[in-house]
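# Descriptive analysis of the structure
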Amino acid sequence: MSYSTADSSRPVTLDDVRGAQKMLSGVARVTAMEGSRHLSQMVGAPVHLKCENLQRTGSFKLRGAYVRISGLLPEERAAGVVAASAGNHAQGVALASALLGVRSTVFMPKGAPLPKVSATRDYGAEVRLHGQVVDETLAAAQEYAAETGAVFIHPFDHPDIIAGQGTVGLEILEQCPEARTVVVGIGGGGLAAGIAVSVKALRPDLRIVGVQAEGAAAYPPSLAAGRPVTVENPATMADGIKVGRPGEVPFGIVGELVDEVRTVSEDELSAALLLCLERAKLVVEPAGASPVAALLSRPDSFEGPVVAVLSGGNVDPVLMQRVLRHGMAAQGRYLAVRLRLTDRPGALATLLGVLSVVDANVLDVSHVRTDPRLGLTEAEVELHLETKGPAHCAEVGQALREAGYTVMG
């Protein structure tokens, strides 16, 4: 399908988004727009962060869920709603349902992070754990809807959902009317489509750049084929945009109104999350940090002022720990080395003394004495070090070699 910015036959129009904005008044927060001096210096133009990570439930998902459930007929509300999600959509549906007095059931994968499961229950939903991946969970939710008559609330493939998410675009234009580029993460496409509808209707000159994780990038091949295609086994730490196939409804809108879709690596996602935490003092999940990852990847390719949409902040603490360590390693601020030394009293202390001289902070030490690979008088040590950057990593390696150690990795 193809749509123009003024086509009233489009499944979602500017009037729909404006209606959603009125409906969400007093329900969804008008989230902050924060400037980033660090990113602005990198890009060479003002960069602003649209902080949907500070939205109620921790992401933009409440907007679309509330608009969708608000539009149900009385008999549909009486039957209740059902959704499937690994986290953000689950919480959005749970809170929206509670606010509207509608019974909700949410299917989540068995491996869903416990904080997200607990939050969904706390918002009032009945949570059912089913399947190992979201596709299995989605099938279970749809089967439940067919059996019980509950209305299935899709996370992105419905006009009401897209209209609700489009209110983010209206806020961007109100808060930063001088913006020239909006950068937004894309999973199924609901948020990007909604922002595109509202922004392009009022500012057709404003450029919209979508961002996907390399391991879950279904939009580039879909746009090339002219129809939604499935990427098998999508893999990325950014579970908020880990979608194997674009939605039918948002696909047509994204294809017409989004100017470009880029991909970012896991290293770039990690570095972006770390930057948001350190420089902007904002807790952002990997999917929410994807626009920042795109800015880090090619900072000179954006016309400013730029608005980067931080779509969510619901990151599991365990994942946060891993991602931060990954991000530090990507920036050369974390170093893991493995080496062998003579197994004698004081050998480990001597090694640590070498590291102390070059000011490397030891985070963890694994000391192995008994292993078939080791000689009778050998021991193997694995060290996790906090360093100050690539140059410092090289200095640490050089100091170890000069002290006579064989660095194995």
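Let me begin by describing the structure that accompanies this report. (Residues numbered from 1 in each chain as written. Predicted model: local features only at pLDDT ≥ 70, side-chain atom pairs only at ≥ 80, totals over all residues. Heavy atoms only, no water.)

### Things to note about the packing of aromatic side chains
The cut-off we apply is this: Each Phe, Tyr or Trp ring (for Trp, its six-membered ring) is paired with any other whose centre lies within 6.5 Å, and the angle between the two planes then decides the class: stacked below 30 degrees, edge-to-face above 60, tilted in between. Distance and angle both matter: a charge sits over a ring if NZ of Lys or CZ of Arg is within 6 Å of the ring centre and within 35 degrees of the ring normal.
By the definition in use, this model includes two aromatic pairs. The ring of Phe302 has Arg262 lying over it, and the distance from NZ or CZ to the ring centre is 4.4 Å.

### What to know about the sheet that holds strand E12 (residues 361–368)
Note the cut-off: Two strands are counted as paired when DSSP detects at least two bridges linking them. Elements are defined by DSSP. Helices are runs of H or I of four residues or more, strands are runs of E of two residues or more, and each kind is numbered from the N terminus. Residue contacts are counted whenever heavy atoms from the two residues lie within 4.5 Å of one another. With axes taken as lines fitted to C-alpha atoms, and helix axes fitted only over the stretch in contact, angles between N-to-C directions fall between 0 and 180 degrees.
Strands sit in the order E12-E13-E11-E14 across an open sheet of four strands; the sheet is antiparallel. Looking at which strands have only one partner, the edges of the open sheet turn out to be E12 and strand E14 (406–407). As paired strands, strand E11 (residues 334–342) and strand E13 (residues 378–386) are joined by nine bridges and run antiparallel to one another. When the bridges of E13 are listed, Val337 appears paired with Leu383. Sheet strands in contact with helix H16 (residues 390–402) are E11, E13 and E14, and its direction is about 5 degrees off that of E11.

### Details of helix H1 (residues 14–24)
The α-helix advances 3.6 residues per turn, and as a result positions three or four apart in sequence lie on the same side. Counted only if it meets this: Note on exposure labels: buried denotes an accessible area under 20% of the residue type's maximum, exposed denotes more than 50%, and partly exposed covers the range between, all computed with a 1.4 Å probe on protein chains only. What the arc covers is the set of directions going from the helix axis to the C-beta atoms.
Among the residues of H1, Leu14, Val17, Ala20 and Leu24 are the ones counted as buried. Seen from one end, H1 has its buried residues packed into an arc of 120 degrees, which puts them on one side. Across from the buried face of H1, at angles greater than 90 degrees, the exposed residues are Asp15 and Lys22. Summarising the contacts, the buried residues of H1 are in contact with helix H3 (61–70), helix H8 (159–175) and helix H9 (190–202). A positive backbone phi angle near 85 degrees is found at Gly26, which sits one or two residues after H1.

### Looking at the sheet that holds strand E4 (residues 104–108)
Taken in spatial order, the four strands line up as E5-E4-E3-E6 in an open sheet, and their pairing is parallel. A single partner strand is all that each edge strand has here, and the edge strands are strand E5 (126–129) and strand E6 (151–152). The pairing of E4 with E5 spans four bridges and is parallel. What sits directly across from Phe107, in E5, is Arg128.

This is a description of form; function is not addressed.
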